[in-house]
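Structural overview for review
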Amino acid sequence: MLRIQCPFCGLRDHSEFSYGSDASVEYPPLDGSQEAWHDAVFQRENIDGVQFETWQHTLGCRMWIVVERNTRTHDILSVRPAHDGIAQALNPSLMIEPDQ
Amino acid sequence: MNTRRLATGGQINRNKPLAFEWDGKQLTGYEGDSLASALLASGETILGRSFKYHRPRGLMSAGVEESGAIVTIGTGARRDANVKATSQALYDGLVAKGQNAWPSVRNDFGAVNTLFGRFFSAGFYYKTFMGLPPFEWGEGTGAWMWYEKIIRKAAGMGTASRKADPDAYEHANGYCDILVVGSGPAGRSAALSAAQSGCDVVLAEQDFALGGESLSRAEETDTLPQELAALRNAGVRLMENTTAFGLYDGGVAGLLERVTDHLSTPPRWMPRQRFWTMRSRFTIIASGALERHLAFGNNDRPGIMTANAAKIYLSRYGILAGENIVIATNNDSAYLTASSLSNAGARVTLLDSREQVLNSSQAGAQSAGVDVQHGMSILNAKGSKGVYSIDLAEKSSVGWSAKNQMACDLLLVSGGWSPVVNLLSHRGLKPVWDSVNACFIAPEHHEPIAMAGSAAGIWDHAECVQSGEQAAAHAVTHLHGQRSQTPNQSGGWETPIEGLYEISVPGHQHKSFVDPQHDVTADDIRLAHQEGFVSVEHLKRYTTLGMATDQGKMGNVIGLALMAEALGKEIPEVGTTTFRPPYTPISIGALKGRNVGSHFRPLRRTPLHDWNLNAGGTMTMAGLWHRPWYFAQPGEGIGEAYVRETETVRRTVGVCDVTSLGKIAVQGPDATEFLNRVYTNPFAKLAVGKARYGIMLRDDGFVMDDGTTWRLGENDYFMTTTTAHAAKVMTFLEELLQTRWQNLRVHLTSVSEQWAGIAVAGPQSREVITECAADPRKVTDPALPFMGVIETTLKGNIPARIARISFSGERAFEIYIPSDYGPAAMDMIWSAARVRAGCLYGLEALGALRIEKGHVTGAELDGRVTIEDAGLGRMASDKKSYIGSVLKNRPELLKNDRPRLVGIFPKDRREIFNAGSILCQSDNVSGYGNGWVTAVTHSPALGHWIGLGFIEGGHSNWADRDVVCADPLRKGNTPVEIVSPHMFDPSGDRMYG
Ligand SMILES: [Zn+2]
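Residues numbered from 1 in each chain as written. Chains lettered and ligands numbered in written order. Predicted model: local features only at pLDDT ≥ 70, side-chain atom pairs only at ≥ 80, totals over all residues. Heavy atoms only, no water.

1. Concerning the coordination of the zinc ion
Residues and elements named next belong to chain A. With distances of 2.0 to 2.3 Å, the protein atoms coordinating the zinc ion are C6 (SG), C9 (SG), H57 (ND1) and C61 (SG). Sequence spacing of the donors to the zinc ion: C-x2-C-x47-H-x3-C. H57 gets classed as buried once you look at its relative accessible area, which sits at 0%. (Donors = N, O, S within 2.8 Å, 3.2 Å for Na, K, Ca; no water. Buried < 20%, exposed > 50% of the residue type's maximum accessible area, 1.4 Å probe, protein only.)

In structure tokens:
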């Protein structure tokens, strides 16, 4: 079981979280082109290595977070709030890098 | 085997005899015995029958690696099959039975299989039965399934009870700094020094007694109690009867604690087993090593076991297992055992395959009276139900040559030691071959895990203790955020082990077993090689080597060695196999824990739950919710009840609990903009005091959900979702605000639990509302028109939100009341409805009403349906962009022949048809058809059965064509008519009026 360092709640089992998607995807504007939307929704890399992904702490604080995870080793390298403003507002010392 | 219990010695209490039953015989053992030791002391030698050949099997070991004494424990509903007698603590009244045998393990009819042994070689079942004609004809698996039943019966394990499990199981969660696996010398020293460094330590031991190896070392058993007390005093949490069966990501270990499996009369309040999810920051694996077998002729006979097993039976259980003992070894470890057995009074011959041994223990063994012979081993064992003699083999310049016979009653084997690296392997780390020590050991790695003791390939006792301390120091350093080198110094024997795996002489054909539990022989492995199975993973699957319940604990290395030899390679080139959890089998009961029966999943009850039950409601599941299904009157079944309820709603008024709808408070200065982006229809100009029906799409353009949203104030909305999609919608909206649209100032709160919801529907609904409202003027037609919303109070000062919206197609209201007021409000509303000849209605009538109107719900919005498909294209604004607006216009989704929502009538109006059927042209009933039926009901308004469904191109495309509702497994074909989905009151006069 992965354990994720929620920036708001601390180290928790991944069963409290739900996986969202690839956090590196930039969604086009709502009136963007069909190609751009197609690529954002369907064209995803299957990364072997470090990737950024969104998770929601569904059974906790319900915040969306961005998790930097190695898909090969399941090591979690960093965690931050998905919302940039909240990330900035948080004391940076709360963004602990989990034990490796 | 001339076995006898010694008068003294061992970790058993001779003053506490325990009675038990074995295959109907009444026997006695002592407190501290395992079932295996008690059987051995009672002279029982045949304890099982092998998997394929039904060969008699006895004890092969004294631990979890056991492949012979696999038995069934308990009776009736508590019957537990495939238990290793070696790991089962004896208790008073234990009932055990042999398995895979008829009528008994002593006289097994299935043993005839052994005469046909050559037919049962590797791949036999596949080759013979899969190749039979029906397969070749492509007729499918019917024939295989027929044969399989017979094969499974003949080749099998014990049978489980078919009764419900009467025991309770628990899931428990644990946390610690350091988890130590194994309570042997290395585990204990690791735990003690870690605890003394201030760490919170859990020590898990799979055995029913703590001590590991020390339990069978006379010189250590005396100090063991003090040592364990010291561990407890240092704060170590000791867990015996607890197997660390798996190691997972994030330092999570799965532990199985057998709480009552060793008790005669378990207290009723105790769970049988506890499944622990243990989160540790560092894991020290001191799980020991398992002694390997050697492959030689008939090496599976009762009376043949590992040398270590005989040592354990002697030292821990006070049993001398034979009088005339031969030990075959390729390493130093057997010498001490030989001495102990000799000192206990047996005649012992030690055959060491190595020609020269430079060790002091040899001198020790000889002075203890052991006859040590070098360059010797065993070719074949004789005797079917017990060994009475052996054929010796002597090392020659080219392999082995046959020598004389020798009498014995117990044959012990030490083929070397395999460190238990299974837990490390669970982490995806492949063990590496240590050719000096002829075993797999842990590779270099960066996990917060350290190996200690013989699990690290360390054989010297003092060095094992030291390695525990080093592992603890390494762990503590790691916990302080620093790095240190993993201590790793395998070895410790005076004379190196010899890589010996099989003893055979050309011309001497004997069955020699590699994996005794699955009856895989050395010849099977060579045959697999001849047939082209060169990869270890393929070899495993073809021969089933290592795939029994012991996962090849005794035989895997031999199998690899034989494969390497056949390929002319070295063992590391052939590879290793991957160990997967669980290390030893765990019960399904432990996995499920308390999630059984009514606790299988959570139950959500509305605030009106009891009210509904008191009112005679029959409940049904809607997701996790219990909702009223129908309210039967005396003499009514569901069929009569829902038809009456539907009719009553259309004629007078009906009242229904709709609390389970999802409810979300959407608040903030940008709430309007937010809603305008997530709904397909315009929300920008929704006035305060108005509600609007809205549809949400997913990013990919398909419909996600629908519901109404009420504007309560300038920046204050109350959104409802379907019951089924409430959680999904909430999560998606939160994602949008926290990731994509971070600048929108909107706050979302799930208020599903805060409000009880009641629908009041029917021509007289206005009168009911008027009677209940504290101020009736607020709910008049002009004050509360269609799609109007008010926040007001009901009589009795009950706060309420009321909207005039309709799902039934009648004039109708939805009233939301703070949950605690739900029953009181319901009392009042129901009184007002009852005097108007109204009814309570449930989910079934709700469904009938909406089907008549062609309103879609979860059955239709299954994730494959576009807004056009659902007949709601007019709800899709072309004046704004919203989630899904781009991808819903993909060319494929705009095709005119996509399945569209339709209504369905039976041609013969007396006919019934079923939901889930497919719609086909009547002259072409095949394949997936042209559409499907999502919902059916009897429509009281129309006087016959009707349905909703989807069919290519929609109803206008099928106006004059013959269609059948095909239902081959239930009802057969029913001719139907495809009509508009708006089957009742299409103009909506009743709803708006
Ligand atoms: Zn959280």
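2. Quick word on the pairing of strand 47 (residues 931-939) of chain B
Residues and elements named next belong to chain B. For strand 47, the tally of buried residues reaches seven of nine residues, placing the bulk of the element in the interior. In the sheet, strand 46 (residues 918-921) pairs with strand 47 via two bridges, with the strands oriented antiparallel. Bridged to L919 within strand 47 is G931. Inspection of the sheet shows strand 47 paired to strand 48 (residues 944-952) by eight bridges, in the antiparallel sense. Along strand 48, the bridge assignment pairs S939 with H944. Once strand 47 ends, the chain turns through four residues before running back antiparallel as strand 48, passing G943 with a positive phi of about 85 degrees. (Helix = DSSP H or I, 4+ residues; strand = E, 2+ residues; numbered from the N terminus. Pairing = 2+ DSSP bridges.)

3. Structural notes on empty space enclosed by the protein
Residues and elements named next belong to chain B. For the coordinates displayed, the defined rule picks out five cavities of 30 Å³ or more. Of the voids in this model, the largest cavity is the one considered here, and its volume is about 200 Å³. For the lining of the largest cavity, the secondary structure elements donating two or more residues are strand 25 (417-419) and helix 15 (556-567). If you tally residues by element for the lining of the largest cavity, the top one is helix 15, at three residues. Its residues assigned to classes, the lining of the largest cavity shows eleven nonpolar, six polar and one charged. In this structure, the second largest cavity encloses a volume near 140 Å³. What lines the second largest cavity is a set of 14 residues, among which R49, S50, F51, S67 and I70 lie closest to the centre. Along the lines of polarity and charge, the residues of the lining of the second largest cavity split into four nonpolar, eight polar and two charged. (1 Å grid on protein atoms, 1.4 Å probe; cavity = no way out; pocket = protein on both sides within 12 Å on 5 of 7 lines; lining within 4 Å. Points joined across faces, edges and corners; volume = space filled by probe spheres on them. Nonpolar A, V, L, I, M, F, W, Y, C, P; charged D, E, K, R; others polar.)

4. Focus: the interface of chain A and chain B
Counting residues at the interface gives 28 residues for chain A and 32 residues for chain B. Buried area between chain A and chain B, summed over both chains or domains, comes out near 2,500 Å², and the portion from carbon and sulfur atoms is 55%. Sorting the residues of chain A by area buried against chain B places A:M1, A:L30 and A:W64 first, and these three jointly supply 28% of that buried surface. Across the chain A-chain B interface, the total number found is two salt bridges. As a salt-bridge pair, A:D13 and B:R279 come within 2.4 Å of each other at their nearest N and O atoms. The interface formed by chain A and chain B includes 13 residue pairs in polar contact (both at pLDDT 80 or more). (Contact = heavy atoms within 4.5 Å. Buried area = accessible area lost by both parts, 1.4 Å probe. Salt bridge = Lys/Arg side-chain N within 4 Å of Asp/Glu carboxyl O. Polar contact = N/O pair within 3.5 Å; in protein donor to acceptor, adjacent residues only side chain to side chain.)

5. Quick look at the side chain of B:R49
Residues and elements named next belong to chain B. Mapped onto the secondary structure, R49 falls in strand 4 (residues 48-49). For R49, a relative accessible area of 9% corresponds to the buried category. At a separation of 2.9 Å, a polar atom in the side chain of R49 contacts the main-chain carbonyl oxygen of H54.

6. Focus: the pattern of salt bridges
All names here are of chain B. Tallied over the entire structure, the rule returns 64 salt bridges over all chains. For D300, the salt bridge is made with R55, and the minimal N-O distance between the two is 2.6 Å. Here R55 lies in the loop between strand 4 and strand 5 (56-57) and D300 lies in the loop between strand 15 (289-291) and strand 16 (304-306), a separation of 245 residues in the sequence. The exposure class assigned to D300 is buried, which follows from its relative accessible area of 1%. Its relative accessible area of 5% is what places R55 among the buried residues.

7. Observations concerning the sheet that holds strand 31 (residues 604-605) of chain B
Residue and element names in this part refer to chain B. A sheet is described by the order of its strands in space; here three strands give the open sequence 31-33-32, paired in mixed fashion. A strand with exactly one partner marks an edge of an open sheet, and here the two such strands are strand 31 and strand 32 (617-622). When strand 32 meets strand 33 (residues 625-631), the two strands line up antiparallel, connected through six bridges. By the bridge assignment for strand 33, T618 is matched with Y630.

8. Brief notes about the packing of helix 8 (residues 307-315) of chain B against helix 9 (residues 334-343) of chain B
All names here are of chain B. One can describe the packing of helix 8 onto helix 9 by two numbers: an axis separation of 9 Å at closest approach and a directional angle of 40 degrees. On the basis of their axis angle, the class for helix 8 and helix 9 is oblique. At the point where helix 8 passes helix 9, the crossing takes the left-handed sense. Every residue of helix 9 that contacts helix 8 at A307, A310, K311 and L314 is listed here: A334, T337, S340 and L341. Among the residues forming the contact of helix 8 with helix 9, the class breakdown is five nonpolar, two polar and one charged. (Axes fitted to C-alpha atoms, helices over the stretch in contact; angles between N-to-C directions. Parallel < 35°, antiparallel > 145°, perpendicular 65-115°, else oblique. Left-handed = near helix turned anticlockwise from the far one by under 90°.)

9. Here's the deal with the packing of aromatic side chains
By convention here, two paired aromatic rings are described through the distance between centres and the angle between planes. Residue and element names in this part refer to chain B. On inspection of all chains with the given rule, the structure shows 17 aromatic pairs over all chains. Ring geometry for F786 and Y992: centres 4.8 Å apart, planes at 90 degrees, overall edge-to-face. Residue F786 is found in the loop between helix 22 (765-772) and strand 41 (789-794), and its partner Y992 is found in helix 25 (residues 989-992); the two are separated by 206 residues along the sequence. Using a relative accessible area of 23% as the deciding quantity, one classes F786 as partly exposed. Judged by relative accessible area, Y992 falls into the partly exposed class, the value being 47%. Ring pairing ties together the aromatic residues W710, F718, W755 and Y816, which thus form one cluster. Its guanidinium or amino end placed over the ring of W958, R961 lies 3.9 Å from that ring's centre, counting from NZ or CZ. (Phe/Tyr/Trp six-rings, centres within 6.5 Å; stacked < 30°, edge-to-face > 60°. Lys NZ or Arg CZ within 6 Å of the ring centre and 35° of its normal.)

10. Re helix 15 of chain B
Owing to its 3.6 residues per turn, the α-helix brings residues three or four apart onto one side. Given a rise of 1.5 Å per residue, twelve residues ought to cover 16 Å, and the 16 Å separating the end C-alpha atoms of helix 15 of chain B matches this to within 8%. For helix 15 of chain B, the tally of buried residues reaches nine of twelve residues, placing the bulk of the element in the interior. (Expected span 1.5 Å × (residues − 1).)

11. So, unusual backbone geometry
Residue and element names in this part refer to chain B. Here the bond from P581 into P582 is cis, since omega is -5 degrees, no more than 30 degrees from zero. Structurally, P582 is set in the loop between helix 16 (571-574) and helix 17 (588-592). Despite not being glycine, H54 shows a phi value in the positive range, around 55 degrees. On the basis of relative accessible area, H54 is assigned to the buried category, the value being 6%. Non-glycine residue M787 carries a positive phi angle of around 70 degrees.

12. Quick word on the sheet that holds strand 20 (residues 371-374) of chain B
Whether parallel or antiparallel, the strands of a sheet pair through hydrogen bonds between backbone atoms. All names here are of chain B. Ordered by their spatial adjacency, five strands build an open sheet running 16-24-18-19-20, and the pairing between neighbours is parallel. The sheet terminates laterally at strand 16 and strand 20, the two strands that pair on one side only. When the angles between neighbouring strand axes are averaged without regard to direction, this sheet yields 20 degrees. Against the sheet, helix 8 contacts strand 16, strand 18 (324-329) and strand 24 (410-414), and its axis sits at roughly 85 degrees relative to strand 16. In the packing of helix 9 onto the sheet, contacts are made with strand 18, strand 19 (347-352), strand 20 and strand 24, and the angle to strand 19 comes to roughly 165 degrees.

13. A short note on the pairing of strand 6 (residues 76-81) of chain A
Residues and elements named next belong to chain A. Where strand 5 (residues 64-70) meets strand 6, five bridges bridge the pair, whose relative direction is antiparallel. Residue R69 lies in a different strand from strand 6, and its bridge partner there is I76. Hairpin connection, strand 5 to strand 6: the antiparallel pair is bridged by five residues, and H74 has positive phi, about 65 degrees.

14. Looking at helix 23 (residues 822-834) of chain B
Taking 1.5 Å as the rise per residue, helix 23 of chain B with 13 residues should run 18 Å; its terminal C-alpha atoms sit 18 Å apart, in good agreement. All buried positions along helix 23 of chain B are accounted for by B:G822, B:A825, B:M826, B:M828, B:I829, B:W830, B:A832 and B:A833.

15. Notes on the environment of B:P448
All names here are of chain B. Checked against the element boundaries, P448 lands in the loop between strand 27 (439-441) and strand 28 (449-451). Each C-alpha atom of the pair P448 and A310 lies 36 Å from the other, and the pair is 138 residues apart in sequence. Those residues in contact with P448, other than ones at most four positions away along the chain, are R281, F282, T283 and H478.

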